[in-house]
Amino acid sequence: MQIFLGIVGDDLDPAMVSATLGGQPHRAGRKGDPITAMTARGRVVSRPAIAGYWQRTVSFDSPASADAAVRDLFSGLTDDAATWRTLGSRFCTVITVHETPPEATPQTLFSASVLTLFQQRGLPVHVNENWHHHVMPQSRRAERRFPTGLAGSDVASRLQAGAQSAVTEGLHHHNHKS
């Protein structure tokens, strides 16, 4: 399984996000920067980023290690919830968990303290059981979105408008450029 912390926005400057959060991303780029991907058939494809992005990713083996993965994901970043909420008011911010068991929900993956951390920072949680390390047709994806009680945030609606694909597809494929 993998957990992603994604921040996406048209005018997102990765250096500004890094300075604000006090740490570096694993992947980042500005709108228009090339994102290179490897298709399931081994063909390299490239397209420009549809938005600026800042991403961290951590892999974990089982739901039992999900909380430890979250600690790794946020390692070195600010603990100030107001800073996170300010970023979330300007950009799409999201936690996405991929390759989960079919019955997984945020409540079954994470402890109450981790769910509270996400909520305080204004980070909605998305769970996707069938996401793989290659380009997959939309019809084969099974995604479940859970706002975890984040009232007052329009992040989920903005993600549904297109930023989610920038985080979960384009950025992951950027990880696998050859």
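Look above for the structure.
Cut-off values and rules
Think of each chain on its own: its residues are numbered from 1, step by step along the sequence as written. Predicted model: local features are reported for residues with pLDDT of at least 70 only, side-chain atom pairs are reported and counted for 80 or more only, and whole-chain, interface and lining totals are derived from all residues. Hydrogens are left out, water is left out, and the side-chain values use all remaining heavy atoms of the structure. Only runs of H or I of at least four residues qualify as helices and only runs of E of at least two qualify as strands under DSSP, and these elements are numbered from the N terminus. Partly exposed residues are those whose accessible area sits between 20% and 50% of the maximum for their type, while under 20% is buried and over 50% is exposed, using a 1.4 Å probe and protein chains only. The definition of a polar contact used here is a pair of N or O atoms within 3.5 Å, where within protein one atom must be able to donate a hydrogen and the other to accept one, and adjacent residues in sequence count solely through side-chain atom pairs. Whether two residues are in contact is decided by their heavy atoms, any of which lying within 4.5 Å being enough. As a rule, the C-alpha atoms of each element are fitted with a line to give its axis, helices using only the stretch in contact, and angles between N-to-C directions run from 0 to 180 degrees. Throughout this description, any angle smaller than 35 degrees is read as roughly parallel, any larger than 145 degrees as roughly antiparallel, any in the 65 to 115 degree range as roughly perpendicular, and the remainder as oblique. The hand of a helix crossing depends on one turn: near helix anticlockwise from the far one by less than a right angle means left-handed, and clockwise means right-handed. Polar here means any residue other than Ala, Val, Leu, Ile, Met, Phe, Trp, Tyr, Cys and Pro, which are nonpolar, and Asp, Glu, Lys and Arg, which are charged; Gly is therefore polar. The directions from the helix axis to the C-beta atoms form the arc being described. Stacked, tilted and edge-to-face are the three classes assigned to paired rings of Phe, Tyr and Trp, where Trp is represented by its six-membered ring and a pair needs centres within 6.5 Å; plane angles under 30 degrees give stacked, over 60 edge-to-face, the rest tilted.

Quick look at the side chain of arginine 121 now. Mapping arginine 121 onto the fold places it in the loop between α5 (112-120) and β7 (125-128). By relative accessible area, arginine 121 is classed as buried at 5%. One polar contact links arginine 121 to aspartate 79, side chain to side chain, over a distance of 3.3 Å. Leave out the neighbours within four places in its chain, and arginine 121 touches Phe74, Thr78, Asp79, Ala81, Trp84 and Arg85.

Okay, the packing of helix α1 (residues 14-21) against helix α3 (residues 81-90) next. Two quantities define a packed helix pair, namely the angle between the axes and the distance from one axis to the other. Taken N-terminus to C-terminus, the directions of α1 and α3 make an angle of 160°; their axes are 10 Å apart at the nearest point. If you check the angle between α1 and α3, you find them roughly antiparallel. For α1 against α3, the interelement crossing comes out right-handed. Between α1, through Met16, Val17, Thr20 and Leu21, and α3, the contact on the second element is made entirely by Thr83, Trp84, Leu87 and Arg90.

Attention now moves to the packing of helix α2 (residues 66-74) against α5. Across the interface, α2 lies against α5 with an axial gap of 10 Å and an inter-helix angle of 35°. When you trace α2 past α5, the crossing you get is left-handed. Where α2 abuts α5, its residues Asp67, Val70 and Phe74 lie against Val114, Leu117 and Phe118. For the contact of α2 with α5, the per-class residue count stands at 5 nonpolar, no polar and 1 charged.

Along α2, the residues classified as buried are Ala66, Asp67, Ala69, Val70, Leu73 and Phe74. In a view along the axis of α2, the buried residues occupy a sector of 155°, so they form one face of it. Exposed residues on α2 whose side chains face more than 90 degrees from its buried face are Arg71 and Asp72. Count one or two residues on from α2 and you reach glycine 76, which has phi positive near 85°.

A separate point is the packing of aromatic side chains. For the coordinates displayed, the defined rule picks out 3 aromatic pairs. Judged by centre distance (5.3 Å) and plane angle (70°), the ring pair of phenylalanine 74 and tryptophan 84 falls under edge-to-face. Of this pair, phenylalanine 74 sits in helix α2 while tryptophan 84 sits in helix α3, and the two are 10 residues apart along the sequence. Just as phenylalanine 74 is buried, tryptophan 84 falls in that class too. Ring geometry for phenylalanine 110 and phenylalanine 118: centres 5.3 Å apart, planes at 90°, overall edge-to-face. A relative accessible area of 5% places phenylalanine 110 in the buried class.

All buried positions along α3 are accounted for by Ala81, Thr83, Trp84, Leu87 and Gly88. Taken around the axis of α3, the buried residues stretch over an arc of 160°, which confines them to a single face. Counted as exposed and oriented over 90 degrees from the buried face of α3: Thr86 and Ser89.

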